[in-house]
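Given next are the chains, with one letter for each unit.
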Amino acid sequence: MALTGMDIYKLLPKKNCKECGFPTCLAFAMKLAQGGVEAEKCPYMSEDAKTRLSEATAPPMRTVKFGAGDRCYSLGGETVLFRHEKTFVNRTRFAVAFSDTMSDEEIQSKIEHMNTVDYIRISEEMYVEIAAVECKSGNKDTFLSLIKRVKDGCKKAVPMIITSDPEIAKAAVEECKELGPILFGANEQNYEAMVNLAKQYNLLLGVTAPDQEKLYELVQKIQNLGYRELLLSTESTSLKQVFDDVVNIRRTALVSQDRTFGYPTVVFANKLAKEKMMQLAIATLFVEKYGSVIVLDDIDYSLALPLFALRQNIYTDPQRPMKVEQGLYKIGSADENAPLLVTVDFALTYFIVSGEVERSKVPAWVLIPDAGGYSVLTAWAAGKLSGKTIAKAVKDFTVEEKLKTREIIIPGKVAVLKADIEDELPGWKVVVGPEEAALLPKFLRDYTDK
Ligand code: SF4
C-alpha cells in the first residue's frame, strides 16, 4: 500500500537541514507522498529507507521490457484506468502465433504476412512486434528449428517462447537470446526453474494459472523468489472470463494499489475465436481494456489497419497535439519547378494532404509552418496560421533558394489569408486551393496543365 506523508517522515533523518530544497523534513515527506519530488533529493537518507521508499512510491503497475537493440519494447507502467484521466503510456504489442506442429507452408505464409504488414501512419511505424512460438510437439529439436526459422525469417519480431518445459525453454532461449525474447509458461509446477532461467538471461517471464486466485498466489511465490519482470495470463477459455480476468488484474493494481497484480497482461485472442474477423473484434476490445500483448492467428492489412489505427488513437496523449516536424517536404520526384503547397503541422492533416498529393501523381512540395499542431481552421482562428507564420516558414526553410516557383497554394478554407500572405511575401502569388484534401488530385493536375 502507498505510504502516507507521516509514514515517510518516520523514515527521514529529521535534520531539517533544507538541502532537499524544502524548509523541513516534514514538508519534504508530504511532497514525496504526493509524488512531487524524488527520494534522492535528501542526501542523508539511509539505504534501507531509500529502498523502502522507492518500493512504496513506485507506480503500482510495473514497467517491464523485452527485446534488444532497436527492437526493445516496454509494457505496463500504466497509472490510470481510463485514458481520458491522463494518458496510457506503453502501447499494446501485437503477436502472431506459430507452433511447431504447423506445416512448412503455414509457417512461411505467416512469416511473409508479418514482413508485409509494415507501414508508417502519422510518423509511427506499424508492424507486428512479437512472434509467439509455441512448443506443441514436445520435441526440443522440432521446436528449435521453428525458432530458428522464425528468427531468420521475421524481419522485426521478437520471439515469445511458449513452453512449460524448463529444459526445452532453456534450449529455446539459447537459440534466440540475442533478441531478448519473452519466456512464457511459468506455472505452479515449474515456476522455480522458470524463474531461475529468466533471472539467468534477464528475461520477461510470462506467468499463467487456471484462474485469478491461483494466479495471484503464484505471482506472490515468484515475487518471494525476488523476480518482478512478469507478464500475466490466466488459462480462462471464454471471452467473458478473460475480459473479467484482465480488467480485475488492472483494477487490483491501480485501484487497490496491490502490486501482486501490478504487471501487464497477455491475451490470446487466437484461442478465443477461430474466425478472423471475430479475432479482430476481440483484439479491439483488449486494445481498449487492457491487453498489453495480444496474440493473433495471423496478420494481414484487413486486421492491421483497424487494429494499429485504434492502438495509435488510444495510446496518443490526449493533452498533446499530434504534430509533424515543421519543414519543406518533397513528395515524389519534385524538382525546383514543382508546385508548392502549404498546410498545417497537425499530423492527421499533413498525412491526409500528402497522401492526396501522392495520389495526384504530381510531384510537389508541402511546406509545414509552426501552426501549433492544430487543424487548418483551428490554427487560423488561434492566429497560428497567418501570413507571418507562413512567411517565416518560407524564410526558415530557405524556400526561395530551393525552388524557382513564386506561387504558393493555400487551403481553400483559409482563402482569407491570401492578401495577408502576399503582404508578407513580396513577389509571391497566393493560389487558393480546394477546401477539401480529396479534391487536391484534380486541382493539382489542372494547375500543372494550365
Ligand atoms: Fe530533512 Fe533530508 Fe531535507 Fe535535510 S535534506 S531537510 S534531512 S529531508
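These figures come from a predicted structure and were not determined experimentally. (Residues numbered from 1 in each chain as written. Predicted model: local features only at pLDDT ≥ 70, side-chain atom pairs only at ≥ 80, totals over all residues. Heavy atoms only, no water.)

**Observations concerning the pairing of strand E3 (residues 93-99)**
Convention followed: Each residue is assigned to one of three classes by its accessible area relative to the maximum for its type, calculated with a 1.4 Å probe on protein chains only: buried under 20%, partly exposed between the two thresholds, exposed over 50%. Runs of H or I in DSSP of at least four residues are treated as helices and runs of E of at least two as strands, each being numbered from the N terminus. Strand pairing is assigned whenever DSSP detects at least two bridges linking the two strands.
Of all seven residues in E3, seven are buried, a share of seventy percent or more. Pairing analysis gives four bridges linking E3 to strand E12 (residues 293-296), with the strands arranged parallel. By the bridge assignment for E12, Arg93 is matched with Val293. Sheet topology note: the E3/strand E6 (residues 130-134) ladder contains five bridges and is parallel. By the bridge assignment, Val96 is partnered in E6 with Ala131.

**Regarding the domain arrangement of the protein chain**
Here is the rule we go by: The domain boundaries here were taken from an automatic or database domain assignment.
The domain boundaries assigned to the protein chain delineate domain 1 (5-57), domain 2 (63-314) and domain 3 (327-449). The C-alpha centroid of domain 3 is placed 54 Å from the C-alpha centroid of domain 1.

**Things to note about the site of the ligand**
Note the cut-off: In these notes, residues near a molecule or strand are those with any non-hydrogen atom within 4 Å of it. Definitions used for this entry: grid spacing 1 Å over protein atoms alone; cavity, a set of points where a 1.4 Å probe fits but cannot get out; pocket, an open set with protein on both sides within 12 Å along at least 5 of 7 lines; lining residue, one with an atom within 4 Å of a point. To qualify as sitting in a cavity or pocket, a molecule needs more than half of its atoms within 2 Å of the grid points. All residues other than Ala, Val, Leu, Ile, Met, Phe, Trp, Tyr, Cys, Pro, Asp, Glu, Lys and Arg, Gly among them, are scored as polar; the first ten of these are nonpolar and the last four charged.
Residues in contact with the ligand, as listed here, are Pro13, Lys15, Asn16, Cys17, Lys18, Cys20, Cys25, Phe28, Cys42 and Pro43. Judged by its atoms lying within 2 Å of the grid points, the ligand is housed in the largest cavity. Broken down by class, the residue content of the shell around the ligand amounts to seven nonpolar, one polar and two charged.

**Regarding the sheet that holds strand E8 (residues 182-186)**
Convention followed: Axis lines are fitted through C-alpha atoms, for helices just across the contact stretch, and the angle between N-to-C directions can take any value from 0 to 180 degrees. Should any heavy atoms of two residues lie within 4.5 Å, those residues are considered in contact.
Pairing is parallel across the open sheet formed by eight strands, whose spatial order is E10-E9-E8-E7-E6-E3-E12-E11. At either margin of the open sheet sits one strand with a lone partner, and together these are strand E10 (230-234) and strand E11 (266-268). Strand-to-strand twist of the sheet, defined as the mean angle between neighbouring strand axes without regard to direction, takes the value 25 degrees. The sheet contact formed by E6 and strand E7 (residues 158-162) spans five bridges and is parallel. Bridge assignment links Glu134 to a residue of E7, and that residue is Ile162. Running over the sheet, helix H4 (residues 104-116) touches E3 and E6 and is turned about 165 degrees from E3.

**Here we look at the pattern of salt bridges**
Just so we agree on the cut-off: Salt bridge criterion: a side-chain nitrogen from Lys or Arg within 4 Å of a carboxyl oxygen from Asp or Glu.
For the coordinates displayed, the defined rule picks out 25 salt bridges. Between Glu356 and Arg359 there is a salt bridge; the shortest N-O distance is 2.6 Å. With Glu356 and Arg359 both in helix H13 (residues 347-360), this residue pair falls three residues apart, about one helical turn. In this structure, Asp446 engages Lys442 in a salt bridge whose closest nitrogen and oxygen atoms are separated by 2.8 Å. One end of the pair is Asp446 and the other is Lys442, both in helix H18 (residues 440-449) and four residues apart, which spans about a single turn. Judged by its relative accessible area of 55%, Lys442 falls in the exposed class. Counted as one network, the salt bridges with shared partners bring together Arg93, Glu129 and Arg311.

**Things to note about the packing of H13 against H18**
Note the cut-off: An angle below 35 degrees is treated as roughly parallel, one above 145 as roughly antiparallel, one from 65 to 115 as roughly perpendicular, and anything else as oblique. Take the far helix as the reference: if the near one is turned anticlockwise from it by less than a right angle, the crossing is left-handed, and if turned clockwise, right-handed.
Their axes nearest at 8 Å, the elements H13 and H18 cross at an angle of 50 degrees. Classed by the angle they form, the pair H13 and H18 counts as oblique. For the element pair H13 and H18, the recorded crossing hand is right-handed. Across the interface between the two elements, Val353, Glu356, Val357, Arg359 and Ser360 from H13 touch Leu440, Pro441, Leu444 and Arg445 from H18. Taken together, the residues that form the contact of H13 with H18 break down as five nonpolar, one polar and three charged.

**Focus on the state of the cysteines**
What counts is decided by this rule: For this text, the term disulfide refers to a pair of cysteine sulfurs within 2.5 Å.
All chains considered together, the criterion is met by zero disulfides. In this model Cys72 remains outside any disulfide bridge; the closest cysteine sulfur is found in Cys176, 15 Å from its own. Using a relative accessible area of 41% as the deciding quantity, one classes Cys72 as partly exposed.

**Some thoughts on empty space enclosed by the protein**
In this approach a probe as big as a water molecule rolls over the atoms, and the regions it shows empty are the leftover space. Quick note on the threshold: Grid points are joined across faces, edges and corners, and a volume is the space filled by probe spheres set on the points.
All chains considered together, the criterion is met by three cavities of 30 Å³ or more. Taken as a whole, the largest cavity spans an internal volume of roughly 90 Å³. Taken together, 15 residues make up the lining of the largest cavity; nearest its centre are Asn16, Cys17, Cys20, Cys25 and Cys42. Classifying every residue of the lining of the largest cavity gives ten nonpolar, two polar and three charged. Volume-wise, the second largest cavity comes out at about 70 Å³. Around the second largest cavity, the lining residues are Met114, Asn115, Val117, Asp118, Tyr127, Val128, Cys154, Lys155, Lys156 and Ala157. Counted by class, the lining of the second largest cavity contains six nonpolar, one polar and three charged residues.

**Topic: the packing of aromatic side chains**
Rules: Stacked, edge-to-face and tilted labels apply to pairs of Phe, Tyr and Trp rings (six-membered ring for Trp) whose centres lie within 6.5 Å, assigned for plane angles under 30 degrees, over 60, and everything in between, in that order.
On inspection of all chains with the given rule, the structure shows 13 aromatic pairs. A ring pair is formed by Phe22 and Phe28, whose centres lie 5.8 Å apart and whose planes are at 65 degrees; its orientation type is edge-to-face. Here the two residues Phe22 and Phe28 agree in accessibility, since each one is buried. Pairing Tyr216 with Phe261 gives two aromatic rings, centres 5.2 Å apart and planes at 85 degrees, and the pair type is edge-to-face. Separated by 45 residues along the polypeptide, Tyr216 in helix H8 (residues 212-224) and Phe261 in the loop between helix H9 (239-254) and E11 bring together distant segments of the chain. Given a relative accessible area of 4%, Phe261 falls into the buried group.

**Quick look at the pairing of E12**
Residues of E12 alternate between two faces, with Val293 and Val295 on one and Ile294 and Leu296 on the opposite face, all of them buried. Sheet topology places E11 next to E12; three bridges connect them, and they run parallel. Counterpart to Phe268 in the pairing with E12 is Val295.

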